[in-house]
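This is what each chain is made of:
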Amino acid sequence: MLVCCSGSAVALTPEQLSCDAILQAWYAGEQGGNAMADVLFGDYNPGGKLAVTFYKDDTQLPDFDDYRMQGRTYRYFRGEPLYPFGYGLSYTTFHVGKAKYIEPRGDKPAAVSLTVTNTGRREGTEVVQLYLRRPADTEGPLKTLRGYQRVTLQPGQTKTVVIDMPRENFEVWDALTNSMRVLPGQYELMVGTSSADKDLQKITVTL
């Protein structure tokens, strides 16, 4: 077991091969030691998700010659990271059901709905994440987080998770008008348990 106390992503490739588990503790506060002990001894079931991408090594990143985002962060990185943005494990397991898109009705915004089941033996929390992509924007981000929902489940319990997707969440950068706005056309909604493609279901929506 490795407890990593860092303020940003660390290339943990060797440690991943030699450690049974890695606990990313960031910079813990006054009660950090107690919190880590609760996780290590199983008194608390962790349910956190990575807020940054963990790369395998610095060769996966372009040189910092400018401020362009191409090749950086989950939004523009095309390689295979060590741990993707939004990734995280717990002491239980979850099954995510088939996602469906709910059209807006009246004053209710559009939404994405799916079921989550705790398939393990312990109470635990999963974080369902919703990403957006506009396929026609070939220079735009591969995906952008547009919503998420935490769900806590007892062993064997199933709940329906609904993540609202109001119209303003479909806004993308429009180079012609130099503004963020909703453009007509197809959008991909991707929902799952991390930003990795293998963890996401895709739904195509036309506006």
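Up top you'll find the structure we're talking about.
Each value, and the rule that gives it
- Residues numbered from 1 in each chain as written.
- Predicted model: local features only at pLDDT ≥ 70, side-chain atom pairs only at ≥ 80, totals over all residues.
- Heavy atoms only, no water.
- Helix = DSSP H or I, 4+ residues; strand = E, 2+ residues; numbered from the N terminus.
- Buried < 20%, exposed > 50% of the residue type's maximum accessible area, 1.4 Å probe, protein only.
- Contact = heavy atoms within 4.5 Å.
- Lys, Arg positive; Asp, Glu negative; His and termini not counted.
- Charge placed at Lys NZ, Arg CZ, Asp CG, Glu CD.
- Disulfide = S-S within 2.5 Å.
- Core = buried A, V, L, I, M, F, W, Y, C linked by side-chain atoms within 4.5 Å.
- Pairing = 2+ DSSP bridges.
- Axes fitted to C-alpha atoms, helices over the stretch in contact; angles between N-to-C directions.
- 1 Å grid on protein atoms, 1.4 Å probe; cavity = no way out; pocket = protein on both sides within 12 Å on 5 of 7 lines; lining within 4 Å.
- Points joined across faces, edges and corners; volume = space filled by probe spheres on them.
- Nonpolar A, V, L, I, M, F, W, Y, C, P; charged D, E, K, R; others polar.
- Salt bridge = Lys/Arg side-chain N within 4 Å of Asp/Glu carboxyl O.

Q: Tell me about the overall build of the chain, residues and numbers included.
A: What the chain contains, in helices and strands, is three helices and 12 strands. Along the first, second and third principal axes, the C-alpha atoms of the chain reach 55 × 50 × 30 Å. Within the chain, the fraction of its 207 residues that count as buried is 40%. The long-range fraction of contacts in the chain, counting pairs at least 24 apart against all pairs at least 6 apart in sequence, stands at 59%. Here the chain carries 22 positive and 24 negative side-chain charges, and the mean point of each set is 8 Å from the other.

Q: Let's hear about the state of the cysteines: which residues, and what values?
A: Following the criterion strictly, the structure yields zero disulfides and no others. Residue cysteine 4 stays outside any disulfide, its sulfur separated by 6.9 Å from that of cysteine 5, the closest cysteine. Take cysteine 19: it sits in no disulfide, and the sulfur closest to it among the cysteines is that of cysteine 4, at 10 Å.

Q: Give me the nonpolar core: which residues, what numbers.
A: One finds Tyr101, Val112, Val116, Phe170 and Leu189 to be the most contacted residues of the largest nonpolar core, which totals 24 residues. Of all the secondary structure elements, the ones that give two or more residues to this core are strand 5 (110–118), strand 6 (124–133), strand 7 (144–153), strand 8 (158–165), strand 11 (186–192) and strand 12 (200–206). With four residues, strand 5 is the single largest residue contributor to this core. Ignoring sequence-local partners within four residues, the contact set of valine 116 consists of Phe94, His95, Glu126, Val128, Val151, Leu153, Gln157, Thr158, Lys159 and Val161. Grouped together as the second largest cluster of nonpolar side chains are six residues, Leu12, Leu50, Phe54 and Tyr83 included.

Q: I'd love a proper account of the sheet that holds strand 12, names of residues and values included.
A: Judged by pairing direction, the sheet is antiparallel, and its four strands sit side by side in the order 7-6-11-12 without closing on themselves. The strands lining the two open edges of the sheet, one partner per strand, are strand 7 and strand 12. Within this sheet the neighbouring strands show an average axis-to-axis angle of 20 degrees, counted without direction. With five bridges joining them, strand 6 and strand 11 adopt antiparallel strand pairing. Of the residues in strand 11, the one forming a bridge with leucine 132 is leucine 189.

Q: Give a description of the layout of surface pockets that names residues and reports values.
A: Left-over empty space is what a probe sized like a water molecule reveals as it rolls over the atoms. Here the largest pocket defines a volume of roughly 760 Å³. Along the walls of the largest pocket sit 25 residues, with Ile22, Leu23, Gln24, Gly88 and Leu89 positioned nearest its centre. Class assignment of the residues belonging to the lining of the largest pocket gives a composition of 17 nonpolar, six polar and two charged. The wall of the second largest pocket is formed by 24 residues, among which Gly79, Pro81, Ser195, Ala196 and Asp197 lie closest to the centre. A per-class count over the lining of the second largest pocket returns 11 nonpolar, four polar and nine charged.

Q: Describe the pattern of salt bridges, and please don't skip the residues or the numbers.
A: Per the stated rule, a full pass over the model turns up six salt bridges. The closest approach of N and O atoms between lysine 143 and aspartate 197, which form a salt bridge, is 3.0 Å. In this pair, lysine 143 is assigned in the loop between strand 6 and strand 7 and aspartate 197 in the loop between strand 11 and strand 12, connecting sequence segments 54 residues apart. Note that aspartate 199 and lysine 198 form a salt bridge whose closest N and O atoms lie 3.3 Å from each other. Residue class for lysine 198 comes out exposed when judged on its relative accessible area of 73%.

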